[in-house]
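# Observations on the model geometry
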2 protein chains.
Amino acid sequence: MRKITVAAIVLASTALVAVAQQPKPEDEIKLRRAAYALTGYNFASLGAMAQEKKPYNKDEAIRNAEFVALLSTVPKGFFSEASQKGETKAKPDLWANKADFDKKMERMNAETAKLPQVARTGDFAALKKQVADTGATCKACHDDYRAK
Amino acid sequence: MRKITVAAIVLASTALVAVAQQPKPEDEIKLRRAAYALTGYNFASLGAMAQEKKPYNKDEAIRNAEFVALLSTVPKGFFSEASQKGETKAKPDLWANKADFDKKMERMNAETAKLPQVARTGDFAALKKQVADTGATCKACHDDYRAK
């Protein structure tokens, strides 16, 4: 094991060394979509608990909240001008109104950041409220900048 | 804002409420690939630092390490029998040797879990070693169960 260099292992295990430095537009799209998919999955679980469509489980809610808080910080780094074209649901309006988009993203991140602490209290009513407040900030951006 | 129900917001913001409960095979594939993409991106950054191909930055290394530790725990939940078919690089061998795959996954998770604490020490030599040890556990599984 020790004879294998770090370089060999990293290259073998991922083909993303170049991406780690300067992602290509198609990699930006891939990474932001990956982050949204996992954020959506975890937020949907919180939403289902909040709607009492699945049983409330404190530990699961904390884990979901931690994923949402961390992953929702990812996409903002992957919306370069060049990443408008490709397999994306992002509308051109997003880049035409980048300052507004950035502000909406910031508001969303401010709400997602609160989720883990609220989930950890075990206060279900507070969690419901925080899920609703967070969902509203997701929706604000989707309404304007995500294609149906 | 208060008049919008949680249900409406969650449904509007994601279409994944059903997924949160019982993912369909194609959603399992989507979610595991999303987790691998983001794990790979963050691990590649650590790898590039370890190889001195990009400057070592303690805060960035901690953030990368936290992403890898959290995201690398995701895929194991999304390898049902039904998810063999579809847009996946996972070989059929994976399901034929599920116990071995699970063991390799567990070993990988044991190493990724150590990354944040090592990154937080700021000890670059220790980080290099932990990146190599982690990469070897990624490679072990890719060699056997991921198509080229």
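Residues numbered from 1 in each chain as written. Chains lettered and ligands numbered in written order. Predicted model: local features only at pLDDT ≥ 70, side-chain atom pairs only at ≥ 80, totals over all residues. Heavy atoms only, no water.

## Some thoughts on the packing of helix α3 (residues 25-50) of chain A against helix α3 (residues 25-50) of chain B
In contact at an axis separation of 9 Å, α3(A) and α3(B) are set at 125° when each is read in the N-to-C sense. With respect to each other, α3(A) and α3(B) are oriented oblique. Regarding α3(A) and α3(B), the two cross each other, and that crossing is left-handed. Facing A:K30, A:L31, A:A34, A:A35, A:A37, A:L38 and A:Y41 of α3(A), the residues of α3(B) in contact are B:K30, B:L31, B:A34, B:A35, B:A37, B:L38 and B:Y41. (Axes fitted to C-alpha atoms, helices over the stretch in contact; angles between N-to-C directions. Helix = DSSP H or I, 4+ residues; strand = E, 2+ residues; numbered from the N terminus. Parallel < 35°, antiparallel > 145°, perpendicular 65-115°, else oblique. Left-handed = near helix turned anticlockwise from the far one by under 90°. Contact = heavy atoms within 4.5 Å.)

## Some remarks on α3(B)
An α-helical segment advances 3.6 residues per turn. Residues three or four places apart therefore align on the same side. Residues and elements named next belong to chain B. Helix length check: α3, at 26 residues, gives a terminal C-alpha distance of 36 Å against a target of 38 Å (1.5 Å per residue), a fit within 8%. Among the 26 residues that make up α3, 21 are buried, leaving the element largely enclosed by the rest of the structure. E52 sits one or two residues past α3 and shows a positive phi near 60°. (Expected span 1.5 Å × (residues − 1). Buried < 20%, exposed > 50% of the residue type's maximum accessible area, 1.4 Å probe, protein only.)

## Here we look at the packing of helix α6 (residues 98-112) of chain A against helix α8 (residues 124-145) of chain A
Residues and elements named next belong to chain A. One can describe the packing of α6 onto α8 by two numbers: an axis separation of 9 Å at closest approach and a directional angle of 160°. Viewed along their axes, α6 and α8 adopt a mutual orientation that is roughly antiparallel. In this structure, α6 meets α8 at a crossing whose hand is left-handed. Side by side, α6 and α8 meet where D100, F101, K104, R107, M108, E111 and T112 of the first sit next to Q130, D133, T134, T137, C138, A140, C141, D144 and Y145 of the second.

## Overview of the nonpolar core
Counting residues in each nonpolar core, the largest one holds 22 residues, and the members touching the most others are A:L38, A:L71, B:L38 and B:L71. Counting residues per element, the ones that place at least two in this core are α3 and α4 (58-71) of chain A together with α3 and α4 (58-71) of chain B. Leave out the neighbours within four places in its chain, and A:L38 touches A:L71, B:L31, B:A34, B:A35, B:L38, B:L71 and B:V74. (Core = buried A, V, L, I, M, F, W, Y, C linked by side-chain atoms within 4.5 Å.)

## Observations concerning the pattern of salt bridges
Applying the stated criterion across every chain, the model contains 18 salt bridges over all chains. Ionic pairing is found between B:D100 and B:K104, a salt bridge with its closest N-O pair at 2.7 Å. Of the two residues, B:D100 and B:K104 both sit in helix α6 (residues 98-112), four residues apart, roughly one turn of that helix. Residue B:D100 is classed as partly exposed on the basis of its relative accessible area, which comes to 24%. Note on B:K104: relative accessible area 13%, which makes it buried. By sharing partners, the salt bridges in this structure join A:D100, A:K104 and A:D144 into a single network. (Salt bridge = Lys/Arg side-chain N within 4 Å of Asp/Glu carboxyl O.)

## With respect to a positive patch on the surface
Residues A:K30, B:R33, B:K89, B:R146 and B:K148 make up a contiguous surface patch of positive charge. One can find B:R146 in the segment after α8 (124-145). The exposure class of B:R146 is partly exposed, given its relative accessible area of 31%. (Patch = residues over 30% accessible without salt bridge, like charges linked within 9 Å, V, L, I, M, F, W, Y side chains within 5 Å. Areas by Shrake-Rupley, 256 points an atom, 1.4 Å probe, with all protein chains shown as cover. Lys, Arg positive; Asp, Glu negative; His and termini not counted. Charge placed at Lys NZ, Arg CZ, Asp CG, Glu CD.)

## Thoughts on the packing of aromatic side chains
Residues and elements named next belong to chain A. In the structure shown here, the tally under the stated rule is twelve aromatic pairs over all chains. With centroids separated by 4.9 Å and ring planes inclined at 70°, the aromatic side chains of F79 and F101 adopt a geometry described as edge-to-face. Of this pair, F79 sits in the loop between α4 and α5 (92-96) while F101 sits in helix α6, and the two are 22 residues apart along the sequence. Side by side, F79 and F101 carry an identical accessibility label, which is buried. (Phe/Tyr/Trp six-rings, centres within 6.5 Å; stacked < 30°, edge-to-face > 60°.)

## A word on the side chain of B:Q130
Residue and element names in this part refer to chain B. Position of Q130 relative to the elements: it lies in helix α8. Note on Q130: relative accessible area 7%, which makes it buried. When near neighbours in sequence (up to four residues on either side) are disregarded, Q130 contacts E111, K114, L115 and V118.

## So, the environment of B:Q51
Residue and element names in this part refer to chain B. Within the element layout of this structure, Q51 appears in the loop between α3 and α4. Taking relative accessible area as the criterion, Q51 reaches 16% and is therefore assigned buried. Sequence-wise, Q51 and K128 are 77 residues apart; in three dimensions their C-alpha atoms are separated by 8.0 Å.

## Description of α8(B)
The first and last C-alpha atoms of α8(B) sit 31 Å apart over 22 residues, in line with the 32 Å expected at 1.5 Å per residue. A side-chain oxygen of the first residue of α8(B) lies 3.2 Å from the backbone nitrogen of B:A125; this N-cap is B:D123. (Polar contact = N/O pair within 3.5 Å; in protein donor to acceptor, adjacent residues only side chain to side chain.)

## Topic: the state of the cysteines
Inspection of every chain in the model, using the stated rule, returns zero disulfides over all chains. A:C141 takes part in no disulfide bond, and the closest cysteine sulfur, belonging to A:C138, lies 8.9 Å away. (Disulfide = S-S within 2.5 Å.)

## Re the confidence of the model for chain A
For chain A, the mean per-residue pLDDT works out to 89, and 86% of the residues sit at or above 70. Interface scoring of the predicted complex returns ipTM 0.85; its pTM is 0.87. (pLDDT = per-residue confidence, 0-100.)

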